[in-house]
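So you can see what is in the structure, the chains are spelled out below.
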Amino acid sequence: MADVRPFRALRFTPKAGELRELTCPPYDIIDESQRLSYLKRNPHNIIRLELPRDGADPYAEAGRTLREWVETGILRRDEQPAFYIYEIEYSLEGRSDISGLDGGRRTIAGLIGQVKLEEFSKGVVLPHEETLSKAKEDRLNLMKATGCNFSDVYSLYMDDGGESEALDILSLIQQGQPEAEFTDGEGLIHRLWAVTDPSLTDAIRQRFADKKLYIADGHHRYETALNYRNWLREQGRATDNADYIMMMLVEMSHPGLTVFPTHRLVRGLEGFDPEALLDKCGDCFDIVRRVAVDALDESLENAYNSGRHAFGFYTGGDTFALLTLRDSDAAELLIRLLPDKSPVYRQLDVTILHTLVLERLLGIDKANMAGQKNLTYTRNLREALDDVAAGAYQCSFLLNPTRVAEIRDVAAAGEKMPQKSTYFYPKLITGLTINPLD
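Below you will find a few notes about this structure. In this text the structure is predicted, and so the values were computed from the model without any measurement.

Quick look at the pattern of salt bridges
This structure, assessed with the given rule, holds 30 salt bridges. Linking arginine 11 and aspartate 78 is a salt bridge whose minimum nitrogen-to-oxygen distance equals 3.0 Å. Of this pair, arginine 11 sits in strand 2 (residues 10–12) while aspartate 78 sits in the loop between strand 3 (75–77) and strand 4 (83–92); the two residues are 67 residues apart in sequence, bridging distant segments of the chain. Residue arginine 11 is classed as buried on the basis of its relative accessible area, which comes to 16%. Looking at aspartate 78, the relative accessible area reads 16%, which means it is buried. Taking the shortest distance from any N to any O, the salt bridge between glutamate 119 and arginine 229 comes out at 2.5 Å.

As for the pairing of strand 11 (residues 213–217)
Strand 11 sits mainly inside the fold: four of its five residues count as buried. Sheet topology places strand 6 (residues 125–126) next to strand 11; two bridges connect them, and they run parallel. Paired with valine 125 across the bridge in strand 11 is leucine 213. In this structure, strand 8 (residues 153–157) lies alongside strand 11, joined through three bridges in antiparallel fashion. Considered in strand 11, the bridge of serine 155 is made with isoleucine 215.

Structural notes on the sheet that holds strand 14 (residues 263–266)
Pairing is antiparallel in the open sheet, where six strands are placed in the order 15-17-16-19-14-18. Whereas interior strands pair on both sides, the edge strands pair on one side only; in this sheet they are strand 15 (285–292) and strand 18 (375–378). When the angles between neighbouring strand axes are averaged without regard to direction, this sheet yields 25°. In the sheet, strand 14 pairs with strand 18 via four bridges, with the strands oriented antiparallel. Bridge pairing in strand 18 places arginine 264 opposite tyrosine 377. Lying on the sheet, helix 9 (residues 296–305) is in contact with strand 15, strand 16 (310–314), strand 17 (319–325) and strand 19 (395–398); it crosses strand 16 at an angle near 155°. Its contacts with the sheet place helix 12 (residues 349–359) against strand 14, strand 15, strand 16, strand 17, strand 18 and strand 19, and it is angled at close to 20° to strand 14.

Some thoughts on the packing of aromatic side chains
Throughout the structure, instances matching the rule amount to 10 aromatic pairs. Here the aromatic rings of tyrosine 154 and phenylalanine 424 are separated by 5.7 Å at their centres, their planes lie at 55°, and the arrangement is tilted. Of the two residues, tyrosine 154 sits in strand 8 while phenylalanine 424 sits in strand 20 (residues 423–425), which places them 270 residues apart along the sequence. Residue classification places phenylalanine 424 among the buried positions, given a relative accessible area of 2%. A connected cluster of aromatic rings, assembled from ring pairs, spans Tyr90, Phe260 and Tyr425. The side chain of arginine 5 reaches across the aromatic face of tyrosine 244, ending 3.6 Å from its centre. Its guanidinium or amino end placed over the ring of tyrosine 423, arginine 379 lies 5.6 Å from that ring's centre, counting from NZ or CZ.

A few points about the nonpolar core
Buried together is how nonpolar side chains tend to be arranged in soluble globular proteins. Of all hydrophobic cores here, the largest spans 70 residues; its most connected members are Tyr154, Phe285, Leu356 and Phe397. In terms of residue count, the dominant contributor to this core is helix 12 (six residues). Look past the residues within four positions of phenylalanine 397 in its chain and what remains in contact with it is His263, Arg264, Val266, Leu277, Gly312, Phe313, Leu353, Val357, Leu358 and Leu362. If you look at the next biggest cluster of nonpolar residues, it comprises 32 residues, including Phe120, Val153, Leu200 and Ile204.

Overview of the packing of helix 10 (residues 327–337) against helix 12
The N-to-C vectors of helix 10 and helix 12 enclose an angle of 85°; their axes lie 11 Å apart at closest approach. Judged by the inter-axis angle, helix 10 sits roughly perpendicular to helix 12. Each of Ala330, Leu333, Leu334 and Leu337 in helix 10 lies in contact with helix 12, whose residues at this interface are Ile352, Thr355 and Leu356. When the residues that make up the contact of helix 10 with helix 12 are grouped by side-chain class, the tally is six nonpolar, one polar and no charged.

Topic: unusual backbone geometry
Cis geometry is found at the peptide bond from tyrosine 425 to proline 426, where omega equals 0°. Notably, arginine 290 is not glycine yet its phi reads approximately 55°, a positive angle. By the element assignment, arginine 290 lies in strand 15. Residue classification places arginine 290 among the exposed residues on the basis of a relative accessible area of 66%. A positive phi angle is found at glutamine 372, which is not glycine, with a value near 50°. By the element assignment, glutamine 372 lies in the loop between helix 13 (366–371) and strand 18.

Each value, and the rule that gives it
Residues numbered from 1 in each chain as written. Predicted model: local features only at pLDDT ≥ 70, side-chain atom pairs only at ≥ 80, totals over all residues. Heavy atoms only, no water. Salt bridge = Lys/Arg side-chain N within 4 Å of Asp/Glu carboxyl O. Helix = DSSP H or I, 4+ residues; strand = E, 2+ residues; numbered from the N terminus. Buried < 20%, exposed > 50% of the residue type's maximum accessible area, 1.4 Å probe, protein only. Pairing = 2+ DSSP bridges. Axes fitted to C-alpha atoms, helices over the stretch in contact; angles between N-to-C directions. Contact = heavy atoms within 4.5 Å. Phe/Tyr/Trp six-rings, centres within 6.5 Å; stacked < 30°, edge-to-face > 60°. Lys NZ or Arg CZ within 6 Å of the ring centre and 35° of its normal. Core = buried A, V, L, I, M, F, W, Y, C linked by side-chain atoms within 4.5 Å. Parallel < 35°, antiparallel > 145°, perpendicular 65-115°, else oblique. Nonpolar A, V, L, I, M, F, W, Y, C, P; charged D, E, K, R; others polar.

Quick look at the structure:
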């Protein structure tokens, strides 16, 4: 199945500065003021390559900067191929945002390696979310100019267990001191180890040979890598490394795996009538009106833990309405509205909300959602409430998180969830390892 192999990563040298000043979060959650602040702390921050904004042609400037950093020793390629073990230690304060997880300190760990690019149709690497073409065009232009992956695709796999303890990621971590360790500005601790022993790297490759990989985060990067590989082939410039992409692999049952919900905010609907909407929802949902906002977390967590499909509907003030699906009434309607979808897809919370409420009752169709004309998204519960209370939005729908098993099952069925169905936390930091594609 999956072809996973070690590689010689480009990494920052001590000449570049402290690693905590050279790395950054994923580019797509960084605004311009944050980008400039990273560069102010250290002009060698990876954001200069990952999110270029300098010069008349920022992509070409990123390529020039990359070559300069390699030539001057800011970046150096490791001498031996390695699998890199990456661990993040982080905190969830109190009870997490409608995730059903207790707060406290936890860690997530995985394996960074090169993974052979395969079309989704082959069933080896599987997506779970729809993507946007504009983001893929931007990433393709950057890859053409730099010939590198600067950040990882984040994927999950299933391990049946029973293999040698020496191959367990957590056991590997415990064998020695990390090559890199630092605390970022958000208080997360990042650690990196390099595994170069050929007998061990060969065994790891064999372990993944029968695995399917499920993309958790980085769909745009993966699809762009496929496009870049094909573009090189058309140019007669194909390389072995361009057939692979840098990927972080995490076992699905890892206790540190955290998925947050992504809430929906609605704006700009003509004639929007909250009470009329709730009345219409009554054909599929049990509705409890005027529930105290303070009870929102508990209400949704109770539904999550009991396997019920429920949403908070908020239009301002200190109360919300709780909508809980009546499965018997909705099942036939969902089959009729989504005849070509699998049962697991039809039972996703985001599918139920989008299909039965946003599209059917509010007229926000898929094109509208993709263009974010009347709909936008936030992971922050407080923001989903405060922005409605301030009048910036007409209402918000508060969701529970998608379960990891649902992500796996939808991907295995060859389907993709609606955009913004999942938010994996914490995000992988950019700049620990760089994957040259030459």
